[in-house]
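Architecture at a glance
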Amino acid sequence: MEKTICLLPGDGIGPEILAQGVAALKAIAAKCDHKFVFEEAAIGGAAIDKFSEPLPKDTVAKCKASDAVFLAAVGGPKWDNLPANKRPERGLLGIRKELGLFANLRPALLLPELANACLLRPEIAQKGLDLIVVRELTGDIYFGEPRGLEVKNGLRVGFNTMIYDENEIKRIARVAFETARKRRHKVCSVEKSNVLETSRLWKEVVMEVHKDYSDVELTHLYVDNAAMQLVRDPSQFDVILTGNIFGDILSDEASVITGSLGMLPSASMGSDGPGLFEPIHGSAPDLAGQDKANPLATILSAAMLLRLGFGLTAEADLIEKAVRKTLADGFRTGDIMEEGKTLVGCQKMGELVTQAINDLA
Ligand code: IPM
Ligand code: MG
């Protein structure tokens, strides 16, 4: 198979971790006889420094012309004082919108190899944690109009608009039910319908779409309760279906209780065109340039790229197996280090995974 992949290294640890993700993809290409052509484009702070904007037109064009987009992370203190529409994050929100990536899939999985890293009490951790947050990504209060900062009657006010139309809810609900069919057939829809009209519509539409998926169990939780249930007993969740802002918050919570923000990948998909694959963590400016970052979330994002972007299931499995083998062999970056294990840097961790890809049958 021949495919073009557009690389967006971004800021902070971005370039270091992406290099290891690319190394894994190259190892797969060589082993499984595929040809991956890599393009590169600027986004976030790196694009601001070079082109005075977080999402240059050329970047959008290159992404649209590729078969998949592989992004590392954006942002950093250097650009923190810029106005909202000029910040690095605007590059990320912009590319999601430009590519129509309405479905964000964020699996949170507690690997047995990393069970000790889990932040929950052992009796809760033992029940396991294997869920996926299906987060709507191109609507909600993130993009709703009107929005702004104004002075009204001598007082500064800030305002945003939470808004969904039924079609936006329908299409993300379908993604959640389809995802559940490939897993444990359970969807929990999360909203705040006791307070918000947007959420009342959300719940109503999700229930309508559910009629086409009677083999999937559907439950509903208010977002505050969902946040609480996630730490109380995350094993109850299979697929969590939710909107943009609630999904942003809950996916950080779901990931960090596995103990390893540096381990979790994500995929953002539209109805057609290239998907975008990225680790869920940020650019970690304090670690940048020191070869200390954990590249595994990025490498696992490469696996999602192969599976969901290109339909290469066996190749994706191979990357995931290689990561688990490397962990089972006792290698750890600083963020997941435990007593008795071997501490390695970002590049060494990437090399070990690549080696494991080459070695595994
Ligand atoms: C995420 C991030 C982004 C978001 C930021 C960087 C704009 O937190 O991908 O979860 O809020 O969506
Ligand atoms: Mg977030």
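Residues numbered from 1 in each chain as written. Chains lettered and ligands numbered in written order. Predicted model: local features only at pLDDT ≥ 70, side-chain atom pairs only at ≥ 80, totals over all residues. Heavy atoms only, no water.

**Concerning the domain arrangement of the chain**
Domain annotation of the chain identifies domain 1 (1–106 + 261–361) and domain 2 (119–257). Relative to domain 2, the C-alpha centre of domain 1 lies at a distance of 24 Å. In this complex, domain 1 contributes 15 residues to the contact, which on the side of domain 2 involves 17 residues. In total, about 1,500 Å² of surface goes out of reach between domain 1 and domain 2, with carbon and sulfur atoms giving 64% of it. (Domains from an automatic or database assignment. Contact = heavy atoms within 4.5 Å. Buried area = accessible area lost by both parts, 1.4 Å probe.)

**What about the side chain of Ser 301?**
Residue position: Ser 301 is located in helix 10 (residues 296–310). In this structure Ser 301 comes out as buried when scored by relative accessible area, which is 0%. For Ser 301, the side chain forms a polar contact with the main-chain oxygen of Ala 297, separated by 2.7 Å. Leave out the neighbours within four places in its chain, and Ser 301 touches Phe 70, Pro 265, Ser 266, Phe 277, Glu 278 and Pro 279. (Helix = DSSP H or I, 4+ residues; strand = E, 2+ residues; numbered from the N terminus. Buried < 20%, exposed > 50% of the residue type's maximum accessible area, 1.4 Å probe, protein only. Polar contact = N/O pair within 3.5 Å; in protein donor to acceptor, adjacent residues only side chain to side chain.)

**Here we look at the layout of surface pockets**
In this structure, the largest pocket encloses a volume near 800 Å³. Lining the largest pocket are 24 residues, and of these Pro 107, Ile 132, Arg 183, Met 304 and Arg 307 sit closest to its centre. For the lining of the largest pocket, the secondary-structure elements that each account for two or more residues are strand 4 (103–109), strand 5 (130–136), helix 6 (166–181), strand 11 (265–269), helix 10 and helix 11 (313–328). Across the lining of the largest pocket, the residue classes tally to 16 nonpolar, 2 polar and 6 charged. Counted as a void, the second largest pocket has a volume near 440 Å³. (1 Å grid on protein atoms, 1.4 Å probe; cavity = no way out; pocket = protein on both sides within 12 Å on 5 of 7 lines; lining within 4 Å. Points joined across faces, edges and corners; volume = space filled by probe spheres on them. Nonpolar A, V, L, I, M, F, W, Y, C, P; charged D, E, K, R; others polar.)

**Remarks on the site of ligand 1**
Every residue near ligand 1 is listed here: Glu 89, Leu 92, Arg 96, Arg 106, Arg 135, Tyr 142 and Asp 248. Interatomic distance of 2.8 Å between a side-chain N/O atom of Arg 135 and an oxygen atom of ligand 1. Interatomic distance of 2.5 Å between a side-chain N/O atom of Tyr 142 and an oxygen atom of ligand 1. Relative to its unbound accessible surface of 320 Å², ligand 1 loses 76% to contact with the protein. One can see that ligand 1 is located within the second largest pocket. Top element by residues in the shell around ligand 1 is helix 4 (residues 88–98). It accounts for 3 residues. In terms of domain composition, the shell around ligand 1 takes at least three residues from each of domain 1 (1–106 + 261–361) and domain 2 (119–257). (Near = heavy atom within 4 Å. Areas by Shrake-Rupley, 256 points an atom, 1.4 Å probe, with all protein chains shown as cover. Sits in = over half its atoms within 2 Å of the grid points.)

**Digging into the packing of aromatic side chains**
Evaluation of the coordinates by the stated rule reveals 3 aromatic pairs. Considering the side-chain rings of Phe 36 and Phe 310, the 6.0 Å spacing of their centres and the 40 degrees angle between planes classify their relative orientation as tilted. Residue Phe 36 is located in strand 2 (residues 35–40), and its partner Phe 310 is located in helix 10; the two are separated by 274 residues in the primary sequence. In terms of burial, Phe 36 and Phe 310 fall into one category: buried. Between Phe 177 and Tyr 213, the aromatic rings sit 5.0 Å apart at their centres with planes inclined by 20 degrees, giving stacked as the arrangement. One end of the pair, Phe 177, is in helix 6; the other, Tyr 213, is in the loop between helix 7 (197–210) and strand 9 (217–222), with 36 residues separating them in the sequence. On the basis of relative accessible area, Phe 177 is assigned to the buried category, the value being 0%. For the cation-ring pair, Arg 135 lies above Tyr 142, with the distance from its terminal atom to the ring centre recorded as 5.4 Å. Seen from the ring of Phe 159, Lys 152 lies directly overhead, with NZ or CZ sitting 5.7 Å from the centre. (Phe/Tyr/Trp six-rings, centres within 6.5 Å; stacked < 30°, edge-to-face > 60°. Lys NZ or Arg CZ within 6 Å of the ring centre and 35° of its normal.)

**A look at the pairing of strand 9**
Inspection of the sheet shows strand 8 (residues 186–191) paired to strand 9 by 6 bridges, in the parallel sense. Across the sheet, residue Glu 191 finds its bridge partner in strand 9, namely Tyr 222. For the crossover that starts at strand 8, traverses helix 7 and ends in the parallel strand 9, the hand is right-handed. (Pairing = 2+ DSSP bridges. Right-handed = clockwise from strand over helix to strand, strands pointing away.)

**Remarks on helix 12 (residues 346–359)**
Across its 14 residues, helix 12 extends 20 Å between first and last C-alpha, which sits within 8% of the 20 Å expected from 1.5 Å per residue. For helix 12, the elements touching its buried residues are helix 1 (14–32), helix 10, helix 11 and strand 13 (331–332). (Expected span 1.5 Å × (residues − 1).)

**What to know about the packing of helix 1 against helix 11**
Across the interface, helix 1 lies against helix 11 with an axial gap of 11 Å and an inter-helix angle of 130 degrees. In terms of orientation, helix 1 and helix 11 fall into the oblique class. Note on packing geometry: the crossing formed by helix 1 with helix 11 is right-handed. Contact with helix 1, carried on its side by Ala 24, Ile 28, Lys 31 and Cys 32, involves Glu 315, Leu 318 and Ile 319 of helix 11 and no other residues of that element. Class assignment of the residues belonging to the contact of helix 1 with helix 11 gives a composition of 5 nonpolar, no polar and 2 charged. (Axes fitted to C-alpha atoms, helices over the stretch in contact; angles between N-to-C directions. Parallel < 35°, antiparallel > 145°, perpendicular 65-115°, else oblique. Left-handed = near helix turned anticlockwise from the far one by under 90°.)

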